[in-house]
Amino acid sequence: MSTDGTFTYNGGKVEPGERQNLRYGISETYLGDPVRIPVTIINGEQDGPTVFLSAAAHGDELNGIEVVREVAHEWDLSDLAGTLVCLPVLNVPAFLAQQRYLPIYDRDLNRSFPGREDSTSAKRMAARIFDNFVAPCDFGLDFHTSTRGRTNMLHVRADMSDDDVARLARSFGTNVIIDSEGSDGVLRTEATRVGIPTVTIEMGEAHRFQRGLIDDALAGVKSVFAEYELREAGSVRWPGWRTVIDSASEKTWIRADAGGIVDMHYERGSLVHEGERICTLTDPFKSDNIAVEAPFTGLLVGVLENPVVYPGNPLCHLVELDEDVRRVVEREQSAGSR
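The model shown is predicted, which means the values in this text are computed figures rather than measured ones.

Conventions used here
Residues numbered from 1 in each chain as written. Predicted model: local features only at pLDDT ≥ 70, side-chain atom pairs only at ≥ 80, totals over all residues. Heavy atoms only, no water. Helix = DSSP H or I, 4+ residues; strand = E, 2+ residues; numbered from the N terminus. Rg over C-alpha atoms; globule rule 2.2 N^0.38 Å. Areas by Shrake-Rupley, 256 points an atom, 1.4 Å probe, with all protein chains shown as cover. Axes fitted to C-alpha atoms, helices over the stretch in contact; angles between N-to-C directions. Parallel < 35°, antiparallel > 145°, perpendicular 65-115°, else oblique. Contact = heavy atoms within 4.5 Å. Phe/Tyr/Trp six-rings, centres within 6.5 Å; stacked < 30°, edge-to-face > 60°. Buried < 20%, exposed > 50% of the residue type's maximum accessible area, 1.4 Å probe, protein only. Lys NZ or Arg CZ within 6 Å of the ring centre and 35° of its normal. Pairing = 2+ DSSP bridges.

Asker: Honestly, the overall build of the protein in this entry has me stumped. Any pointers?
Answerer: The number of helices and strands found in the protein is 7 helices and 19 strands. Taken against the 2.2 N^0.38 rule, which gives 20 Å for 338 residues, the C-alpha radius of gyration of the protein at 21 Å falls within 12% of a compact globule. Once the C-alpha set of the protein is aligned to its principal axes, its extents read approximately 65 × 50 × 35 Å. Roughly 15,300 Å² of accessible area belongs to the protein as shown, and the carbon and sulfur atoms make up 44% of that amount.

Asker: Looking at this structure, how should I read the packing of helix α4 (residues 163–172) against helix α6 (residues 211–227)?
Answerer: Any two packed helices are characterised by the angle at which their axes cross and by the distance between the axes. Where α4 contacts α6, the axes come no closer than 7 Å and their chain directions differ by 130°. Considering their axes alone, α4 and α6 lie oblique with respect to each other. Only Ala 217, Gly 220, Val 221, Ser 223, Val 224 and Glu 227 of α6 make contact with α4, whose side of the interface consists of Arg 167, Leu 168, Ser 171 and Phe 172.

Asker: Honestly, the packing of aromatic side chains in this entry has me stumped. Any pointers?
Answerer: Ring pairs (aromatic) are described by centroid distance and by the angle formed between their planes. Per the stated rule, a full pass over the model turns up 7 aromatic pairs. Arranged with centres 5.8 Å apart and planes meeting at 85°, the rings of Tyr 9 and Tyr 24 form a pair that is edge-to-face. Placement of Tyr 9 in strand β1 (residues 7–9) and of Tyr 24 in strand β3 (residues 19–28) is noted, with a sequence separation of 15 residues between them. Of the two residues examined, Tyr 9 and Tyr 24, each falls in the buried class. Every member of this aromatic cluster is reached through a ring pair, and the members are Tyr 9, Tyr 24 and Phe 133. Between Arg 237 and the ring centre of Phe 172, over which it is positioned, the NZ or CZ distance is 6.0 Å.

Asker: I would appreciate a short explanation of the sheet that holds strand β16 (residues 290–293) in the present structure.
Answerer: One open sheet holds the 4 strands; their spatial order is β16-β15-β13-β18, and the pairing between them is antiparallel. Of all the strands in the sheet, just β16 and β18 (308–309) have a single pairing partner and so form its edges. Sheet topology note: the strand β13 (residues 260–264)/β18 ladder contains 2 bridges and is antiparallel. Among the inter-strand pairings, Ile 261 is bridged to a residue of β18, identified as Val 308.

Any link to function would need more than the numbers given here.
Right under this line is the structure:
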C-alpha cells in the first residue's frame, strides 16, 4: 500500500473508495495464451488494514471459492475501513482441470510460495501472486478443504507461537485450532515468515459446495473483520468451546492396516471415546471384519468419505481433548442427539 492509501500492483492501482475486478496474468499456456486469475480489490474510503482472502490453491477445493466470492460481491462493504484483496481461485489451471495440483508436471502450487520469477512454472505463478497481492497485505485467510475422498470439520491451522497469528486464529472463532508452523512453500507459512500473519481455514471436502460450512466460514470472516475493525458492525464470536492442539501426541492420523471396504461409524466432528470402534474394515465377502478403535478419547476432525482403502491409507484424523473441553463437547453432542 502507498502512503496515500492506494493499493498498487504491477500494472494497476486501486484508489481509496474504488473497487476493481480484474483477471491478472500469471503464466501462459502451451499455445502462448494467458493464464489469468480472478482478483477483486475493494479499497475502503477509511483507513484500515489490508487483508487478503484466498481459495483454491488446490484446484478441486471449492468451498472457499464461494466464501471469497460472497464476501467480495454480496456483502455491503460501504463502511469498509481498509482494503480487501479477494483471490477466489489461485490455481486456475488445476481448477479448469478439476484436479488438486497444477496439470503442469503435477506440481503443488501450495508448496511453491513465495515463488521465484526465474524458477519452475509453479514458482513463477506463485511469485506473481505473492508479490502483487499477498506482500502488500497486513494479514490473510487462506481457505482449503480436505483432499478428495476425505472431509474435515471447520477448523483453523496456525502457528500459535506467533502472537499476531494467534490473535488472527482465535478471532475466526472455530472450536478447533491445530497449532503448526506449516511446511516450506505453503502460503500461510511463507506469508507469516515475511511478517504477514496468515492462517489456513480447513472446511469440508473437495469437488462440492457445502452450504452449512460456507455459512459458518462466512461467520468466521465477519468475526475477523470485527476483531480488526474493518467494519462498523459485528462482534468477535466465541464458539462455545475451543481446543488448541499444540502437540504431536494430541493428534494422530489413524491408517488402515489392511486393504478393503470401510464402514465408518462416526461423522466428522464426532467425539469418540478410547476403545470405541470408529470404523470397520471388511473384504468383499464380509468374511474378515477388522475393528479400528480409538487409541484415546478425542474429536474426529477429519474422516474418510471414499469407503475403499489400501493398507496405509488414512481413515480419520483424531485430536485429543482435555477433560474440561471433553465434558462440554459431551453435553453439546448429547443435547444435539435428542
